[in-house]
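# Architecture and fold: a report
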Amino acid sequence: DVTRTWPIGGRFTPPQREVYEHVLRAHEKCLEMCVEGATLRDIHKVSVQMLAKSLRQLGIVNLSKHGVQQIIMQGLYKPYYPHSIGHWLGMDTHDVHTVSALKPLEAGCVLTVEPGLYLPRNVHEIPAQYRGIGIRLEDDVVVRSGVQPPEVI
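Anyway, here's the lowdown on the structure attached to this text.

What counts and what doesn't
In this numbering scheme, every chain counts its residues from 1 along its sequence in written order. Whole-chain, interface and lining totals are the exception, using all residues; otherwise, since this is a predicted model, local features are given only for residues with pLDDT of at least 70 and side-chain atom pairs are given and counted only at 80 or more. Side-chain measures were taken over the full set of non-hydrogen atoms in the model, leaving aside hydrogen atoms and water. Secondary structure counts use DSSP, requiring at least four H or I residues in a row for a helix and at least two E residues in a row for a strand, with both numbered from the N terminus. How far a helix is expected to stretch is found by multiplying one less than its residue total by 1.5 Å. Classification of residues uses two cut-offs on accessible area relative to the type maximum, computed with a 1.4 Å probe and protein chains only: under 20% is buried, over 50% is exposed, and between them is partly exposed. Within this analysis, the arc is defined by the directions that extend from the helix axis to the C-beta atoms. Here, a salt bridge means any side-chain nitrogen of Lys or Arg that lies within 4 Å of a carboxyl oxygen of Asp or Glu.

Helix length check: helix 2 (residues 40–57) (18 residues) gives 25 Å between terminal C-alpha atoms against 26 Å at 1.5 Å per residue, within 8%. Restricting attention to buried positions, one finds in helix 2 the residues Leu-40, Ile-43, His-44, Ser-47, Val-48, Leu-51, Ala-52, Ser-54 and Leu-55. Down the axis of helix 2, the smallest arc covering the buried residues is 165°, so these residues share one side. Positive backbone phi, approximately 80°, marks Gly-59, located one or two places after helix 2.

Set out below in structure tokens:
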């Protein structure tokens, strides 16, 4: 269960690269958090915080009207990041409903980490250079014991 965004022409345009870099930073931070004791809910909260900040920095959610906390509390990020950071992987590809997002991660747990920003081309509040860009980075991750970093598989 892996997703990657690749530029059609082999290279990102500058606006595509800018959005990609924002999603990549969230992805890397969330991967670091896949350690024993963390929860999917903890990781999701960080992804929302980072991507809400990105939406503000990119001017997609009005800078002057909304701070990052307002963007989160009012759910203004949801049209552009409409899913959770990830889900459990196990006997079924999507063991979403069988394990709580509040269950602490343990060594050997496998989950996905998949932040994304999706900027529809028909939403005129989005600055023109970002319309039609969608970036998603998804990896499958194994939580390892102790201080070992998570393993991307």
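For the rest of this paragraph, the subject is the pattern of salt bridges. Evaluation of the coordinates by the stated rule reveals six salt bridges. Taking the shortest distance from any N to any O, the salt bridge between Glu-21 and Arg-17 comes out at 3.3 Å. Of this pair, Glu-21 and Arg-17 both sit in helix 1 (residues 14–32), four residues apart, which is roughly one turn of that helix. Assessed through its relative accessible area of 28%, Glu-21 is described here as partly exposed. Judged by its relative accessible area of 38%, Arg-17 falls in the partly exposed class. Put simply, Lys-29 and Glu-32 hold a salt bridge, and the shortest N to O gap is 4.0 Å. Highlighted residues: Lys-29 and Glu-32, both in helix 1, separated by three residues, approximately one helical turn. Owing to a relative accessible area of 53%, Glu-32 belongs among the exposed residues under this scheme.

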